[in-house]
Number of protein chains: 2
Amino acid sequence: MTQFMDVHHGMKGITDDQLKQAHKADLAIEKEEGVHFERAWADPESGTMYCLSDAPSAAAVRRVHERAGHKPDEVHPVPLSIW
Amino acid sequence: MTQFMDVHHGMKGITDDQLKQAHKADLAIEKEEGVHFERAWADPESGTMYCLSDAPSAAAVRRVHERAGHKPDEVHPVPLSIW
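What counts and how
- Residues numbered from 1 in each chain as written.
- Chains lettered and ligands numbered in written order.
- Predicted model: local features only at pLDDT ≥ 70, side-chain atom pairs only at ≥ 80, totals over all residues.
- Heavy atoms only, no water.
- Least-squares fit on C-alpha atoms with pLDDT ≥ 70 in both.
- Contact = heavy atoms within 4.5 Å.
- Buried area = accessible area lost by both parts, 1.4 Å probe.
- Polar contact = N/O pair within 3.5 Å; in protein donor to acceptor, adjacent residues only side chain to side chain.
- Helix = DSSP H or I, 4+ residues; strand = E, 2+ residues; numbered from the N terminus.
- Nonpolar A, V, L, I, M, F, W, Y, C, P; charged D, E, K, R; others polar.
- Pairing = 2+ DSSP bridges.
- Disulfide = S-S within 2.5 Å.
- Buried < 20%, exposed > 50% of the residue type's maximum accessible area, 1.4 Å probe, protein only.

A. Region of interest: the relation of the copies chain B and chain A. Under the fitted operation, chain B is carried onto chain A by 0.0 Å of movement along the axis and a turn of 180°, and the coordinates agree to an RMSD of 0.0 Å. The transformation relating the two chain copies, once decomposed into turn and shift, fits a two-fold axis. Minimal C-alpha separation from the rotation axis in chain B is found for Tyr50(B), amounting to 5.0 Å.

Structure below.
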């Protein structure tokens with residue numbers, strides 16, 4: 001398992017409720033792809049959303065997000081991290 | 001205080017040690033700007049680094065990173081988040 005950071009653009013005006021719903025939609029199906037979405041952050045002004053996950057591959061992260069209705073613009077493995 | 005996610009490009013080949021050194025350089029001066037860098041992630045392959053902080057402003061985040069020698073390419077407030 002590797003950590004991944006994915007980025008979504010074009011989400012201007014996203015609300016706290018919409019972020020929660022999007023995350024919930026991911027959690028509902030993530031196990032089918034062996035993915036776990038840990039955290040998410042959003043900037044409603046620029047319309048940017050970041051999601052941090054543990055997953056077997058970038059493709060698996062993409063599949064969960066696409067099936068949940070919010071295809072990511074970028075998915076980066078982030079093997080290095082500081083807690 | 002608001003949370004911020006900042007992004008650095010052009011860091012291809014960054015090592016775990018370099019990420020730790022960069023973070024240490026931020027921590028050494030962050031208090032002077034009222035900033036706290038919480039976490040950081042890096043993708044050596046695409047050369048992308050993400051830093052999560054609590055700060056009074058995006059300008060304060062930029063100042064700490066610039067003074068520590070690694071100017072960010074983007075700084076986004078992320079008022080919405082899921083833990």
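B. Looking closely at the interface of chain B and chain A. Opposite the 29 residues of chain B that make contact, chain A presents 29 residues. Both faces considered, chain B and chain A share a buried interface measuring about 2500 Å² in area, 67% of it formed by carbon and sulfur atoms. Taken as a group, Arg39(B), Leu80(B) and Ile82(B) account for 31% of the area that chain B buries against chain A, more than any other trio of residues on that side. Scanning the region where chain B abuts chain A turns up eight residue pairs in polar contact (both at pLDDT 80 or more). Sorting elements by how many residues they give to the side of chain B that touches chain A places strand S2 (residues 36–43) of chain B first, with six residues. Classifying every residue of the side of chain B that touches chain A gives 16 nonpolar, seven polar and six charged. Taken together, the three bridges between strand S2 (residues 36–43) of chain A and strand S5 (residues 80–82) of chain B define a ladder with antiparallel strand orientation. Residue pairing across strands places Trp41(A) opposite Ser81(B), the latter belonging to S5(B).

C. Representation of the environment of Glu66(B) in the model. Within the secondary structure layout, Glu66(B) lies in helix H2 (residues 58–67). The spatial distance from the C-alpha of Glu66(B) to the C-alpha of Glu30(B) is 11 Å, given a sequence separation of 36 residues.

D. Fine view of the state of the cysteines. Counted according to the given criterion, the structure contains zero disulfides over all chains. Take Cys51(B): it sits in no disulfide, and the sulfur closest to it among the cysteines is that of Cys51(A), at 18 Å. Given the relative accessible area of 4%, Cys51(B) is considered buried.

E. Structural context of the environment of Met49(B). Residue and element names in this part refer to chain B. If you trace the backbone, Met49 turns up in strand S3 (residues 48–55). For the pair formed by Met49 and Ala59, sequence separation is 10 residues and the distance between their alpha carbons is 18 Å. Sequence-distant contacts of Met49, that is, excluding residues within four places in its chain, are made with Asp6, Val7, His8, Met11, Ile14, Leu19, Trp41 and Ala42.

Honestly, that's just the spatial picture; any functional story needs more than this.
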